Amino acid sequence: MLKEYNRYLEYIDGELHLEGVSLKALAEEFGTPLYVYSASHIRDRVRAYREAFPDALICYAVKANFNPSIIRVAREEGAGADIVSGGELYASLLAGVEPSRIVYAGVGKTLKELEYAIKSDILMFNVESRMELDVLNHLAESLGKKIRIAIRVNPDVDPKTHPYISTGMKKSKFGVDIKHAKQEYQYAGKLKNLEVVGIHCHIGSQILDVSPYIEAVEKVVDLYHELVRSGFEIRYVDIGGGLGIKYKPDQSNPEPKDLAEAVMPALKGVDAKILLEPGRSIVGNAGLLITRVEFLKDKGHKHFVIVDAGMNDLIRPAMYDAYHHIVPVVKRDTGYIKTDIVGPICETGDFLALDREIQKVERGDYLAVLSAGAYGFAMSSHYNVRPRACEVLVEKQSYKIIRERETYAYIFKGE
Ligand SMILES: *Cc1c(COP(=O)(O)O)cnc(C)c1O
């Protein structure tokens, strides 16, 4: 069952290992909470995309996990980067991603961020509003540059995922309504310092059924043909990210090849480079969060396992009501309990799992929270003045630290 999450994850003599590295040994060496990632899994996932879409550019969505060592692994397998901030541009360049393989989306790009990206000569800006078109055009003019843009269109499809991660519905803040996209393209076409080269869409995240992609891509392709007929040279069609991963043991998820099979018929006849922006489906199941059991608490009607990882380390359960599978780092024949697994933060929403049946644990035991590679560390915070976790990358039985555990002094450095 673990192999369905990550083929490099297994119990060896009752002890959980990732790529042959003992997670108990890592927890003892580096302390907890501890994020551990498998580089081979990331490589496999990028390759799966490249095999499914041999002519496409795969731009890893950096917001899922911005550690430069993680971005670097994706880059080594041929991925570019999809960024949503100046900070993510910085991280991508630090990881050695070529600017000509970077695309930049986001509804609220600041002048400073835009200037940084223009000066870095990235591949394409995915513009989300008319006002942004104007601002970009002025800025490009003042810098004496001509820049490549796509317009992010909102195809109004329901990706059937959590409302907070649905981005392609009419009511969402993202993109421009596809029905009015042509007018926006015509407007952009008149702006002297913009070169209109692409169409962008991204409909949401953790999408488990490929049919919303078909619907979205069909609408995008209609727009593509309309624009080409009107004289636009559309060189890039960016269909975004969002492919879901396995979180629950009984859940199956589409693979990149399923996505390719679904959307390729609609893309036939499109004479443009296809771009994809997967984040979660590259790194999600590459990573685990290792946490230590601090206390057990039995309130009669309810049992609690209190661990040292809180919502400041992994906010997905609190924020999206997300399920993360949790397994013991060391297996024992001690029977099972039904329990809430909660963190140390002073919030009732601070839980990793509710009413979960797990192997009985004791103070000092380690638990592994699966599927924590995406939107885990990246969303972590200092809430309750808790230093952020340490991150370790394993590959083929070796490991290296890719981010040190923070100290109190680090948190207050800017005071
Ligand atoms: C978040 C995001 C992605 C990546 O989404 P995943 O679900 O992690 O694949 C891709 N493109 C854009 C524009 C995004 O905002």
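The structure displayed is predicted, hence computed values, not measured ones.

Enquirer: Looking at this model, I keep getting lost on the site of the ligand. Mind explaining?
Expert: In the vicinity of the ligand, 15 residues are found, and the nearest of them are Lys63, Ser205, Glu277, Arg280 and Tyr375. Ser205 has a polar side-chain atom sitting 2.3 Å from an oxygen atom of the ligand. For the ligand, whose unbound accessible area comes to 390 Å², protein coverage reaches 95%. Of the residues that constitute the shell around the ligand, the class distribution is four nonpolar, six polar and five charged.

Enquirer: How do you make sense of the environment of Pro212 when you look at a structure like this?
Expert: By secondary structure assignment, the location of Pro212 is in helix 8 (residues 211-229). Overall, the relative accessible area of 1% leaves Pro212 in the buried class. In this structure the C-alpha to C-alpha distance between Pro212 and Ala262, which are 50 residues apart in sequence, comes to 9.9 Å. If we skip the residues at most four places from it in the chain, Pro212 touches Val157, Asp158, Pro159, Lys160, Ile203 and Ile207.

Enquirer: When you look at the layout of surface pockets in this model, what are you seeing that I'm missing?
Expert: In this approach, a probe sized like a water molecule rolls over the atoms, and the result shows the empty space that is left. Its boundaries defined by the atoms lining it, the largest pocket holds a volume of some 650 Å³. If you trace the largest pocket, you find 34 residues lining it, with Lys63, Tyr164, Thr167, Phe174 and His202 closest to the centre. Contributions of two or more residues to the lining of the largest pocket are made by helix 10 (280-283) and helix 11 (316-320). In the lining of the largest pocket, the residues fall into 13 nonpolar, 12 polar and nine charged. In terms of domain composition, the lining of the largest pocket takes at least three residues from each of domain 1 (2-37 + 284-411) and domain 2 (105-278). Roughly 300 Å³ of volume is contained in the second largest pocket. Considering the residues around the second largest pocket, the lining is formed by 20 residues, among which Glu4, Tyr5, His41, Arg45 and Glu255 are closest to the centre. Of all the secondary structure elements, the ones that give two or more residues to the lining of the second largest pocket are helix 2 (39-52) and helix 10.

Enquirer: How should I be thinking about unusual backbone geometry in this particular structure?
Expert: Here the bond from Thr32 into Pro33 is cis, since omega is -5°, no more than 30 degrees from zero. Mapped onto the secondary structure, Pro33 falls in the loop between helix 1 (23-30) and strand 4 (34-38). Unusually for a residue other than glycine, Glu19 sits at a positive phi of about 50°. Residue Asn384 is not a glycine yet carries a positive backbone phi of 70°. Tracing the chain through its elements places Asn384 in the loop between strand 19 (366-369) and strand 20 (390-395).

Enquirer: Help me understand a nonpolar patch on the surface in this model?
Expert: Residues Leu111, Met131 and Val135 make up a contiguous nonpolar surface patch of about 310 Å² in total accessible area. On the accessibility criterion, Val135 (34% relative accessible area) is partly exposed.

Enquirer: Would you mind showing me how to read the sheet that holds strand 3 (residues 21-22) here?
Expert: Pairing between the strands of a sheet is mediated by backbone hydrogen bonds and can be parallel or antiparallel. Judged by pairing direction, the sheet is antiparallel, and its three strands sit side by side in the order 1-2-3 without closing on themselves. One side of each edge strand has no neighbouring strand; the edge strands of this open sheet are strand 1 (9-12) and strand 3. Judged from the four bridges that link them, strand 1 and strand 2 (residues 15-18) form a sheet pairing that is antiparallel. Across the sheet, the residue bridging to Glu10 is His17, located in strand 2.

Enquirer: Is there a simple way to think about helix 6 (residues 130-142) in this case?
Expert: The α-helix winds at 3.6 residues per turn, so residues separated by three or four positions along the chain end up facing the same way. Spanning 13 residues, helix 6 covers 19 Å between terminal C-alpha atoms, matching the ideal 18 Å at 1.5 Å per step. Count one or two residues on from helix 6 and you reach Gly144, which has phi positive near 70°.

Enquirer: I'm lost on the UniProt feature "binding site: substrate" (unreviewed entry) in the protein in this one. Help?
Expert: Here, the residues flagged by UniProt with the feature "binding site: substrate" (unreviewed entry) are Arg280, Arg316, Tyr320, Glu347 and Tyr375. Across 96 residues, the annotated set is spatially dispersed, with a maximum C-alpha separation of 26.7 Å. In the annotation above, Arg280, Tyr320 and Tyr375 are the residues that line the largest pocket. With respect to the secondary-structure elements, Tyr320 resides in helix 11. In this structure Tyr320 comes out as buried when scored by relative accessible area, which is 11%. Tracing the backbone shows Glu347 in the loop between strand 17 (336-342) and strand 18 (351-359). Glu347 gets classed as partly exposed once you look at its relative accessible area, which sits at 38%. Ignoring anything within four residues of it in the chain, the contact list for Glu347 reads Met311 and Tyr383.

Enquirer: In this structure, what is going on with the domain arrangement of the protein? I would like to understand it.
Expert: How big an interface is tends to be reported as the loss of accessible area on association of its parts. Entries for the protein in the domain assignment read domain 1 (2-37 + 284-411) and domain 2 (105-278). Computed over C-alpha atoms, the centres of domain 1 and domain 2 are 35 Å apart. Every contact between the two is made by 12 residues of domain 1 and, on the other side, nine residues of domain 2. Of the roughly 990 Å² buried where domain 1 meets domain 2, counting both sides, 61% is carbon and sulfur surface. Looking at the side of domain 1 facing domain 2, the largest losses of area belong to Tyr5, Tyr320 and Tyr323, adding up to 47% of the total buried there. Applying the counting criterion to the domain 1 and domain 2 interface returns one salt bridge. In this structure, the salt-bridge partner of Glu4 is Lys246, at a minimum N-O distance of 3.1 Å. Counting across the domain 1 and domain 2 interface gives four residue pairs in polar contact (both at pLDDT 80 or more).

What counts as what
Numbering of residues starts from 1 in each chain and follows the order in which that chain's sequence is written. Only residues with pLDDT of 70 or above have their local features reported here, since the model is predicted, and side-chain atom pairs are shown and tallied only from 80 upward, although totals for entire chains, interfaces and linings are computed over all residues. Note: side-chain values were computed over all heavy atoms of the structure, leaving out hydrogens and water. By convention in these notes, a residue is near a molecule or strand provided one of its non-hydrogen atoms lies within 4 Å of it. Polar contact is the term for a pair of N or O atoms within 3.5 Å; when the atoms are in protein, one must be able to donate a hydrogen and the other to accept it, and sequence-neighboring residues count only if both atoms are side-chain atoms. Where accessible areas are quoted, they stem from the Shrake-Rupley method and a 1.4 Å probe; at the residue level, only the protein chains shown are allowed to cover. Gly is placed with the polar residues, together with every amino acid not listed as nonpolar (Ala, Val, Leu, Ile, Met, Phe, Trp, Tyr, Cys and Pro) or charged (Asp, Glu, Lys and Arg). Numbering of helices and strands runs from the N terminus; a helix is a DSSP stretch of H or I covering at least four residues, while a strand is a stretch of E covering at least two. Each residue gets one of three labels from its accessible area relative to the maximum for its type: buried under 20%, exposed over 50%, partly exposed in between, using a 1.4 Å probe on protein chains only. By the convention used here, residues are in contact when the closest approach between their heavy atoms is within 4.5 Å. Each cavity reported here is a set of points on a 1 Å grid over the protein atoms alone in which a 1.4 Å probe fits but cannot get out, each pocket an open set with protein on both sides within 12 Å along at least five of seven lines, and each lining residue one with an atom within 4 Å of a point. Grid points are joined across faces, edges and corners, and a volume is the space filled by probe spheres set on the points. The split of the chain into domains comes from an automatic or database domain assignment. Only residues whose relative accessible area exceeds 30% and that form no salt bridge enter a patch; like-charged residues are grouped when within 9 Å of one another, and nonpolar side chains (Val, Leu, Ile, Met, Phe, Trp, Tyr) when within 5 Å. Here, a salt bridge means any Lys or Arg side-chain nitrogen found within 4 Å of an Asp or Glu carboxyl oxygen. Strands pair, by our definition, only if DSSP identifies at least two bridges between them. What a helix is expected to span follows from its residue count: subtract one and scale by 1.5 Å. UniProt positions are given in the numbering used here, feature names are shortened, and annotations may be inferred rather than shown by experiment. Here the quantity called buried area is the accessible surface, traced with a 1.4 Å probe, that two parts lose on coming together, added over both.

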